[in-house]
Structure formats: C-alpha cells, structure tokens
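Each chain is listed here by its residues.
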Amino acid sequence: MANKKYLEWIVESGSPIRKMFGLVEEAKLKGKKPINYALGNPGIKPPKEYYAALREVLLECENSKENLNSYMQNAGYSETQERVAKDLSGELKIKFSKNEIFMTAGSANALNILSRVFNNPKTKTEIICVAPYFVEYNYYIRNYNGNLVLAQSDENFDLDLNNLEKSITRNTKAIIINSPNNPTGIIYSESKLKELAGLLDIKNKKLNKEIIVIEDAVYNKMIWEDNKFFSILNYYPNSFHVNSFSKSLGLAGERIGYFAVNPDFKKNHIDWKNILGAFPIILRSNVINSPGIQQKVIQKIGCNLTSDLGIYKKKIDLLSNILSESGFEFRKPQGTFYIWAKIPGIYEDSSDFMKYAIRGKAPLFAVPGKGFGGRRFNKYLRFSVSDISEEDIQRTREKLNEMNRRKLKSINKKKKN
Ligand SMILES: Cc1ncc(COP(=O)(O)O)c(C=O)c1O
C-alpha cells in the first residue's frame, strides 16, 4: 500500500504555488482580470532558428530510409553530446568530452538522476540546499529517500559559509546550489564559490568524505546588466553542472536538458567508475532517454542560441519601479525573471498582503515567500514577470496604491476603536 504519510506530505507541501494556480483560474472564471505574477512559465517563444532546425530535423526523419526515431544510447545521441560538450567547454572554459555529457528530459530529470545516484536509502543520506530555494528539490531528493537539509542564506540571500559548514554532517552527500537563483535572482560570485570549494576541501579531509556539488544553472542565460555567471566546476572537482533549454529557449514543455560531470571528477573521486556507470542505467529505468527530436535540434543550434530574453529584463525594470514606489524593499535581480521583494511595513506578513491583493476585479497573485523555505520568509513575495504582459504590469501600480489605501484605512479604524 502507498505510504499515506508520504502522499499527504506531497499534497500538503506543494500547496502554496498550486493554490495560486487554482485561484488564478477561479478568478478568470468569475470574469475578473487577474494580475498574475505567480507562474514561472516562460512567456517568450523560441527564436526562428529553432523552428527552422526543427523543420529540417522532421524532414530528415521523414525522408530517411532508416528509422531515426528509434531507441538510442541512454545518455543521448553521440553527436548531440559532442555539440553540448563543445559549447559548454567554450562557456565554462573547461574542456569537456562527449562522455561527460548526459542528455536528460529537462533539468528536473537531471536533478532526479543525480539525487538517485547520491542518495543511500540505508543511511538516510543528506543533501543540503540553500534557503530560500526552488521547492521542487524537496521532491527530487525525497523521491529517493534522501533528506533535504536547509542551510540559510545570509541577510542578502547570498551563500553563508558558516551556515553551510554547520549543516555538513557525516551523512552529507551533496550540496545543490542554484545560481542565478530562483526565487532571489542572486548570482554567486567567483570569490564565494572559491570559499565554498575551500570549505569543502577542509571538510572532506576532516570527515574523510567527497561531498558533491550540484550546480543548477537553468537561468544562466538570463543575466542582467554587467553581472556574470561563475561555475563551481572551475574551483571544485567533485561537481556537476545541470542545465536545460526550458528557460533560455522557452522550451519548458519539450523536456530537453542535460548534466555535465566535471572532467576532474575522475581524477578526484574514489567511486567515479560506479557513479558514471550508474547514470545510463538510472536513465534507462526512468525516462529511457531524453526526447530524440529535440536532441537532434540542439545538435544543430547548440547551447548558445536564446529567445529574445531582453523582454524579461524590460519587464523586470518596469515592475521594479512600481514596487519601489509602493514601499517594497528588494535587491534588483542579477539574473532570472523573478523579483524577490519584502512587502511594505503596513502589512503584517505576506498572507495579510495577499488577503488585500486577491480582492476586487483585478486580483493580484504572487507567491508568498514562506513556500520557498519557511517562516523566515513570511514577509517576502516572489513576483515572476515571465508570463505577464506589460499592460498588466502597468495595472499593478494602481492596484498596489488602492490596496495600500485600504490597508491604511483599516489600520486607522483599528487605532480609533
Ligand atoms: C531553479 C530551477 N531548477 C530547475 C527547474 C526545472 O526546469 P526544467 O524545465 O529544466 O526541468 C526550474 C523550473 O522552474 C527551476 O526554477
């Protein structure tokens, strides 16, 4: 019989974002015009070059005498692995060979596979994540009976080395870092990553371990102004790079991504043969392989082509101005299409804010911060500009003004009583 507690946990823990989905749909059905910042669904279409390559691939498949849509090696088409290895080598300035690239069904699939390899169900392995964090990590880790351990970020939501150090135990197997970060938009600096690598070197020696770092870089083509992406793979050998085309090309529904193992992993990790050998087998027992047609397209267009991501930046700037005027406090995101903002002081917490936000003909939806790692984030909201129109962002100014007026009125009324 299914584990009741586990199923209850799945249903309950997913609730903040799921609840938003439901409420937005309900509002539309009632004829309202929601202002929707809840979803992280890419709103920008893939570029023309993507569709041209897709057409070519379809014709090649149709006209070929052989069946080009049959099974393949579990790690993907050799030519696609080669293309990804070439582009990633240029991007990270690390020499990858095709054998270090594993094609997956998006980064969620890559993270699941890594979680399965590094979780030992017998010892209740611990995988550390930095809060606030992308809550789906919880499922990826618990799917394979692992324990997610939260290390709090510092007051600017950057990596806090002291907290990370305190979170490492004998059971720690891996750390997941996400930069540029969902929900904060922070990018970890080169010096922070070097400090993390230094800390892990010391801890590995002390505990006689080889802790793995998994870098989730799905937003690393969405970097604003003069910020830069740095990869932990340049500073720490026991590391993996996870990426996908969901955000950079707006291909979230097509499930195409990959992970890359640091070429130095083989020199450094005692168990590298078993680990690398397990990946194709886990892929086989999971999705079998990453979608073939999409792999053939990536083989043609590579990893550097993107949608017109500047549109997201324009919307981030527009919303930033409106939120600042309305009393929100936030650091402008260095990357991603999210703004992680502290609500104006007149509201008790984000639930109080949302009570006012969802009223009226133009209900406003954003995700309460609590859903990204607990009560420390009670006064935060995540705004996603990915799928919202500029017109709806403009409507936000009047909405927030009207809410603030109503809230102040209610505060004054309470004071008088
Ligand atoms: C931080 C982060 N990692 C992973 C994913 C999963 O993306 P994919 O579509 O590549 O599986 C997302 C999706 O929103 C994300 O925000």
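Not measured: the values here are computed from a predicted model.

Time to look at the overall build of the protein chain. Within the protein chain, the regular secondary structure consists of 14 helices and 12 strands. A compact globule built from 417 residues should have a C-alpha radius of gyration of about 22 Å, and the protein chain, at 22 Å, falls within 12% of that. C-alpha extents for the protein chain along the principal axes are approximately 75 × 60 × 55 Å. When burial is assessed residue by residue, the protein chain has 54% of its 417 residues classed as buried. Working note: accessible area of the protein chain is about 19500 Å², and carbon and sulfur atoms make up 50% of it. Averaging the locations of the 65 positively and 45 negatively charged side chains of the protein chain gives two centres separated by 6 Å.

Before going further, it helps to spend a moment on the sheet that holds strand β8 (residues 257-261). Reading across the sheet, the seven strands line up as β2-β8-β7-β6-β5-β3-β4 and stay open at both edges, with mixed pairing between neighbours. Sheet topology places β2 (101-104) and β4 (147-152) at the edges, where each strand pairs with a single neighbour. Shown here is a sheet whose adjacent strand axes are inclined to one another by a mean of 25 degrees, direction ignored. Helix-sheet contacts for helix α10 (residues 272-284) involve β2, β7 (239-244) and β8, and the interaxial angle to β2 is about 15 degrees.

We now examine the environment of I186. Among the structural elements, I186 can be located in the loop between β5 (172-178) and α8 (190-207). For the pair formed by I186 and N208, sequence separation is 22 residues and the distance between their alpha carbons is 32 Å. Leave out the neighbours within four places in its chain, and I186 touches N156, F157, S179, P180, N181, R331 and Q334.

Cut-off values and rules
- Residues numbered from 1 in each chain as written.
- Predicted model: local features only at pLDDT ≥ 70, side-chain atom pairs only at ≥ 80, totals over all residues.
- Heavy atoms only, no water.
- Helix = DSSP H or I, 4+ residues; strand = E, 2+ residues; numbered from the N terminus.
- Rg over C-alpha atoms; globule rule 2.2 N^0.38 Å.
- Buried < 20%, exposed > 50% of the residue type's maximum accessible area, 1.4 Å probe, protein only.
- Areas by Shrake-Rupley, 256 points an atom, 1.4 Å probe, with all protein chains shown as cover.
- Lys, Arg positive; Asp, Glu negative; His and termini not counted.
- Charge placed at Lys NZ, Arg CZ, Asp CG, Glu CD.
- Pairing = 2+ DSSP bridges.
- Axes fitted to C-alpha atoms, helices over the stretch in contact; angles between N-to-C directions.
- Contact = heavy atoms within 4.5 Å.

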